[in-house]
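Now for the letters of each chain:
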Amino acid sequence: VNDLILFDTGLYEDSLSISGGPTGMTLAGAPADRFLELPETVVFGSVLQGTGSNPAATVISTQDLTMARFRFANSERGLVVAQSDGLHGVGLSFENNGIGLDMQGSDNALFEQTNVTNSSRINTGFEVTSSSGFTLLDTNLHLASTGLVLNNSTGALVQGLEAGEVNDVIIANGGSGLSLQ
């Protein structure tokens, strides 16, 4: 199954939850291009924002889900992923979240062309726990306490990581096979 769900430009304030979705589904946000003649208050792209302690989006028990062009903003946790193998994130942005990506028990995830931006250094960009084959390509981290935390995870690859004003870029607790390029 290759379902495609397109999101319009706007701010989505209720948490998005995907549980047991069809294999191979794609969720795509609107492009985040800005136009000079519009005021700064106009929202560009598809912004997912959690309320209270709710994450902006939750993905549980999916296979081969693709998420493209979403901004996860102003949430305790931007994107929570559990038991979801083969997740592919392209062009995602995590802005002012306590933890941008909180992933547990999910194998062979690939995130590319990802941006993490915060307003202070009290945040974590990515926290990956008990997962194997996590790949992070061409990622920019700005203003964070910690960029990537790997807890008991194996076979992670980090390539093309740029970090600015990040206290601890990568922390690996347990696990094995971290490759930095």
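These numbers were taken from a predicted model, which means no experiment stands behind them.

Focus on the pattern of salt bridges
Working step 1: Following the criterion strictly, the structure yields two salt bridges and no others.
Working step 2: Across the salt bridge formed by glutamate 95 and arginine 71, the nearest N and O atoms sit 3.2 Å from each other. Here arginine 71 lies in strand β8 (residues 70-73) and glutamate 95 lies in strand β11 (residues 93-95), a separation of 24 residues in the sequence.

With respect to the environment of leucine 16
Working step 1: Tracing the sequence through the fold places leucine 16 in strand β3 (residues 16-19).
Working step 2: Under the relative-accessibility criterion, leucine 16 is labelled buried at 17%.
Working step 3: When the C-alpha positions of leucine 16 and glycine 175 are compared, they lie 31 Å apart, and in sequence the two are 159 residues distant.

Things to note about the packing of aromatic side chains
Working step 1: One pass over the full model with this rule turns up six aromatic pairs.
Working step 2: When the centroid spacing of 6.3 Å and the interplanar angle of 45° are considered together, the rings of phenylalanine 70 and phenylalanine 72 count as tilted.
Working step 3: On the basis of relative accessible area, phenylalanine 72 is assigned to the buried category, the value being 0%.
Working step 4: Consider the rings of phenylalanine 72 and phenylalanine 94, whose centres lie 5.0 Å apart with planes at 15°: the pair is stacked. One end of the pair, phenylalanine 72, is in strand β8; the other, phenylalanine 94, is in strand β11, and 22 residues separate them in sequence.

Focus on the nonpolar core
Working step 1: With 34 residues, the main nonpolar core has Met67, Phe72, Leu79, Phe111 and Phe134 as its most contacted residues.
Working step 2: If sequence neighbours within four positions are ignored, phenylalanine 134 has contacts with Leu101, Met103, Ala109, Phe111, Val128, Leu148, Leu150, Gly155, Ala156 and Leu157.

Remarks on the pairing of strand β15 (residues 135-151)
Working step 1: Where burial is concerned, most of β15 is hidden: 13 out of the 17 residues are buried.
Working step 2: The pairing of strand β13 (residues 110-117) with β15 spans seven bridges and is parallel. Along β15, the bridge assignment pairs valine 116 with leucine 141.
Working step 3: Two elements, strand β14 (residues 124-129) and β15, share five bridges in a ladder whose sense is parallel. Residue glutamate 127 lies in a different strand from β15, and its bridge partner there is valine 149.
Working step 4: Across 13 bridges, the pairing between β15 and strand β16 (residues 157-173) is parallel. In the strand pairing of β16, leucine 136 is matched with valine 158.

Regarding the confidence of the model for the chain
Working step 1: When pLDDT is averaged across the chain, the result is 90; 93% of the residues are at 70 or more.
Working step 2: Looking across the chain, the model is least confident in strand β2 (residues 10-12), with a mean pLDDT of 87, and most confident in strand β10 (residues 88-90), with 97.

Rules behind the numbers
Residues numbered from 1 in each chain as written. Predicted model: local features only at pLDDT ≥ 70, side-chain atom pairs only at ≥ 80, totals over all residues. Heavy atoms only, no water. Salt bridge = Lys/Arg side-chain N within 4 Å of Asp/Glu carboxyl O. Helix = DSSP H or I, 4+ residues; strand = E, 2+ residues; numbered from the N terminus. Buried < 20%, exposed > 50% of the residue type's maximum accessible area, 1.4 Å probe, protein only. Phe/Tyr/Trp six-rings, centres within 6.5 Å; stacked < 30°, edge-to-face > 60°. Core = buried A, V, L, I, M, F, W, Y, C linked by side-chain atoms within 4.5 Å. Contact = heavy atoms within 4.5 Å. Pairing = 2+ DSSP bridges. pLDDT = per-residue confidence, 0-100.

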